[in-house]
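# Residue-level structural notes
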Amino acid sequence: MIDVTVLDEAADDARARGNVLRLAAAQALTGANSAVIFATGSIVGATLAPNISLATVPLSMYVLGLAAGTLPTGAISRAYGRRIAFIVGTGCGTLTGLLGAWAILHSSFWLFCAATFLGGLYGAVAQSYRFAAADGASAAFRPKAVSWVMAGGVFAGVLGPQLVQWTMDVWPPYLFAFSFVMQALVALVAMAVLSGVDAPKPAAADLHGGRPLLEIAKQPRFIAAALCGAIAYPMMNLVMTSAPLAMKMCGLTVSDSNFGIQWHIVAMYGPSFFTGSLIARFGAPVIVALGLVLEAVAAMIGLSGITAPHFWATLIVLGLGWNFAFVGASALVLETHWPQERNKVQAFNDFLVFGMMAIGSFSSGQLLAHYGWNAVNMVVFPPVVLGLAVLSLASVAKRRARLRAGDEIPGPIG
């Protein structure tokens, strides 16, 4: 006799695989947005800003946009479906490129900051791609769906920096202006790809079901997932956004910087081809812990020298650490909610992550300008230790709960 549940799960996973292909392609295209901003933001900022200490403000505005866009993304997805949120996001991405080019052509620092803020809104929507891939999928397929979508970022690691390299001198003397025009065109292509995602509007019953958000957020598993995400991403962002300007201050070239950012992004997303399988085998907490340790190792490399290879190695190991920590933390979040709670819980998680990232990002320019590259790397260690400690406590709490329940896994799986 055929198990109907098994058939339903197979059908859901087949639908999810179709979405994964589109979402992975969109991840690659959308990644060009962040790659262009991170490769150029601090350099354009140093050129246009009234003070060198404000050079990283455009990157901070991008991160602020990430934080500001997470809750609206969840609200739009909950009310109208994820596909509408995706279209709104790519529209912001198109405006990012056009406004960024205009700002460079007219030497407007604050207009450039507005452009990168819009880029952050686009990025906030893109962060939901990984969760959208898991919608309706079986519990076994969810970690793989998340990691496969993240793997699309590998191509962003090639596309984004090369886009900058090929186009940065097209409109002399306006360095990078044409790069932003091309970024706008790539966002339009992403819009076309995402328009075919099978993400219907949620059922009316799903709009009002589930537990209060505070109840969900008090789970040790959610606290560990959100905190580790709020450590892994901001620490990576702190070092990555400071690196191009630090390389310039150390006498290295824009090409050196582009090369480092390119391989950093490849390292961020490349492991995603197998991160899901590692999570399935060893468990998300182990992979998150490995990622946090690698971020600390990257900081150690950054402290060991200021040659181009030192910067490149720092950025590559940093990217690897971010992948394991962030994909693992995302998988942990999926273990804490029911299906009807997913949009509000996932959006709240990303709000916490990118809100913390925004706070840290605004201090990165001051940190680099006043205390130097070594100080940027030293800041990484205390949060990593905190994340490892909380992750360990959450794992202990889960084991104790299992023992009390007679080996029954507590909490919903959504």
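In the block above lies the structure referred to throughout.
Residues numbered from 1 in each chain as written. Predicted model: local features only at pLDDT ≥ 70, side-chain atom pairs only at ≥ 80, totals over all residues. Heavy atoms only, no water.

### Observations concerning the overall build of the chain
Rules: The secondary structure listing takes helices from DSSP runs of H or I that are at least 4 residues long and strands from runs of E that are at least 2 residues long, numbered from the N terminus. Computation of the radius of gyration draws on C-alpha atoms, with the globule rule given as 2.2 Å multiplied by the number of residues to the power 0.38. A simple rule labels every residue: compare its accessible area, found with a 1.4 Å probe on the protein chains alone, to the largest value its type can have, and call it buried under 20%, exposed over 50%, or partly exposed in between. Pairs of residues are marked as contacts when any of their non-hydrogen atoms sit within 4.5 Å. Using a 1.4 Å probe, accessible areas were evaluated by the Shrake-Rupley method; residue-level cover was limited to the displayed protein chains. We treat Lys and Arg as the positive residues and Asp and Glu as the negative residues; His and chain ends play no part in the count. In plain terms, the charge of a residue is placed at NZ if it is Lys, CZ if Arg, CG if Asp and CD if Glu.
A count of helical and extended segments in the chain gives 17 helices and 0 strands. In terms of overall size, the chain behaves like a compact globule, its C-alpha atoms giving a radius of gyration of 21 Å where 414 residues would be expected to give roughly 22 Å. In terms of overall dimensions, the chain has a C-alpha envelope of 70 × 45 × 35 Å along the principal axes. Counting all 414 residues of the chain, 57% fall into the buried class. For the chain, long-range pairs separated by at least 24 residues make up 85% of all intrachain contacts whose partners lie at least 6 apart in sequence. A total of about 16100 Å² of accessible surface is found on the chain, and carbon and sulfur atoms cover 70% of it. Computed over 22 positive and 17 negative side-chain charges, the inter-centroid distance for the chain is 4 Å.

### Structural notes on the nonpolar core
What counts is decided by this rule: To form a nonpolar core, buried Ala, Val, Leu, Ile, Met, Phe, Trp, Tyr and Cys residues must be joined to one another through side-chain atoms within 4.5 Å.
In this structure, Leu 23, Phe 86, Tyr 129, Tyr 233, Leu 292, Trp 322 and Trp 373 are the most contacted members of the largest nonpolar core, which totals 124 residues. Of the residues forming this core, the biggest block, 17 residues, is contributed by helix α10 (residues 220-249). With sequence-adjacent residues up to four places away left out, Trp 373 is seen in contact with Val 239, Ser 242, Ala 243, Ala 246, Gly 302, Ile 306, Phe 311, Thr 314 and Leu 368.

### A closer look at the environment of Phe 38
Considering the arrangement of structural elements, one finds Phe 38 in helix α1 (residues 4-48). For Phe 38, a relative accessible area of 7% translates into the label buried. C-alpha separation for the pair Phe 38 and Glu 341, spaced 303 residues apart in sequence, amounts to 33 Å.

### Quick notes on helix α3 (residues 82-105)
Convention followed: Every helix has an expected span of 1.5 Å times one less than the residues it contains.
Along its 24 residues, α3 runs 35 Å from first to last C-alpha, staying within 8% of the 34 Å computed at 1.5 Å per residue. In the segment just after α3, Ser 107 is the residue with positive phi, at about 50°.

### Some thoughts on empty space enclosed by the protein
Our working rule: Throughout, the protein atoms alone are placed on a 1 Å grid, and a set of points is a cavity if a 1.4 Å probe fits but cannot get out or a pocket if it is open with protein on both sides within 12 Å along at least five of seven lines; lining residues have an atom within 4 Å of a point. Grid points are joined across faces, edges and corners, and a volume is the space filled by probe spheres set on the points. Residues are grouped as follows: nonpolar covers Ala, Val, Leu, Ile, Met, Phe, Trp, Tyr, Cys and Pro; charged covers Asp, Glu, Lys and Arg; every other residue, Gly included, is treated as polar.
Enumeration over the complete set of coordinates arrives at 6 cavities of 30 Å³ or more. Estimates place the volume of the largest cavity at around 210 Å³. Residue assignment for the lining of the largest cavity shows that the elements contributing at least two residues are α1, α2 (57-80), α4 (109-127), α10 and α11 (254-269). In terms of residues, the lining of the largest cavity owes the most to one element, α1, which gives 5 residues. Looking at the second largest cavity, its volume works out to about 100 Å³. If you go around the second largest cavity, the residues you meet are Thr 70, Thr 73, Gly 74, Ser 77, Arg 82, Ala 124, Ser 128, Phe 131, Asn 343, Gln 346, Ala 347 and Asp 350. Sorting the residues of the lining of the second largest cavity by element identifies α2 and α15 (342-371) as the ones contributing at least two each. Looking at side-chain class alone, the lining of the second largest cavity contains 3 nonpolar, 7 polar and 2 charged residues.

### Comments concerning the packing of aromatic side chains
Two numbers describe a pair of aromatic rings. These are the distance of the centres and the angle of the planes. Rules: Aromatic rings from Phe, Tyr and Trp, with only the six-membered ring used for Trp, were paired whenever their centres fell within 6.5 Å, and each pair was classed as stacked if the ring planes differed by under 30 degrees, edge-to-face if by over 60, and tilted otherwise. A positively charged side chain is recorded as over a ring if its NZ (Lys) or CZ (Arg) lies within 6 Å of the ring centre. The angle to the ring normal must also be within 35 degrees.
What the rule picks out here adds up to 15 aromatic pairs. The interplanar angle of 80° and the centroid separation of 4.9 Å between the aromatic rings of Tyr 233 and Phe 326 together place this pair among those described as edge-to-face. Of the two residues, Tyr 233 is situated in helix α10 and Phe 326 in helix α14 (residues 308-334); the sequence distance between them amounts to 93 residues. Considering the side-chain rings of Phe 259 and Trp 263, the 6.3 Å spacing of their centres and the 55° angle between planes classify their relative orientation as tilted. Here Phe 259 pairs with Trp 263, and both are found in helix α11, just 4 residues apart, close to one helical turn. The class of Phe 259 is partly exposed, set by a relative accessible area of 38%. One aromatic cluster is present, formed by Tyr 233, Tyr 269, Trp 322, Phe 326 and Phe 354 through successive ring pairs. One cation-aromatic arrangement involves Arg 17 over Phe 141; the distance from NZ or CZ to the ring centre is 4.5 Å. The positively charged end of Arg 211 is found above the aromatic ring belonging to Trp 338, 4.3 Å away from the centroid.

### So, the pattern of salt bridges
Counted only if it meets this: Should a side-chain nitrogen of Lys or Arg be within 4 Å of a carboxyl oxygen of Asp or Glu, the pair is scored as a salt bridge.
Under the criterion given, the structure shown has 5 salt bridges. Here Asp 135 and Arg 342 are joined by a salt bridge, their closest N and O atoms 3.3 Å apart. A residue pair is termed long-range when its members are at least 10 positions apart, and Asp 135 in the loop between α5 (129-134) and α6 (142-151) and Arg 342 in helix α15 qualify at 207 residues. Judged by relative accessible area, Arg 342 falls into the partly exposed class, the value being 22%.

### Comments concerning the side chain of Asp 256
The topology assignment puts Asp 256 in helix α11. Buried charge without a partner: Asp 256 forms no salt bridge, and the closest opposite charge is Lys 248, 13 Å away. Filtering out sequence-adjacent residues up to four positions away, Asp 256 remains in contact with Met 247 and Trp 312.

### Some words on a nonpolar patch on the surface
We apply this condition: Without a salt bridge and with relative accessible area above 30%, a residue can belong to a patch; like charges are then joined within 9 Å and nonpolar side chains (Val, Leu, Ile, Met, Phe, Trp, Tyr) within 5 Å.
Together, Leu 71, Phe 351 and Leu 352 give the surface a local cluster of nonpolar side chains, amounting to about 220 Å² of exposed area. Examined against the element boundaries, Leu 71 turns out to sit in helix α2. Residue classification places Leu 71 among the partly exposed positions, given a relative accessible area of 39%.

### A look at the packing of helix α12 (residues 272-282) against helix α13 (residues 284-303)
Put simply, the rule reads: Axis definition: a line fit to C-alpha positions, over the contact stretch in the case of helices; interaxial angles, taken between N-to-C directions, run 0 to 180 degrees. Just so you know how the angles are binned, under 35 degrees is roughly parallel, over 145 roughly antiparallel, 65 to 115 roughly perpendicular, and the rest oblique.
For the pair α12 and α13, the least separation of the axes is 7 Å and the interaxial angle reads 125°. In terms of their interaxial angle, α12 and α13 are classed as oblique. Each of Thr 275, Leu 278, Ile 279 and Phe 282 in α12 lies in contact with α13, whose residues at this interface are Ala 284, Val 286 and Ile 287. Grouping the amino acids of the contact of α12 with α13 by side-chain chemistry returns 6 nonpolar, 1 polar and no charged.

Take it as geometry only, folks, not as evidence of what the structure does.
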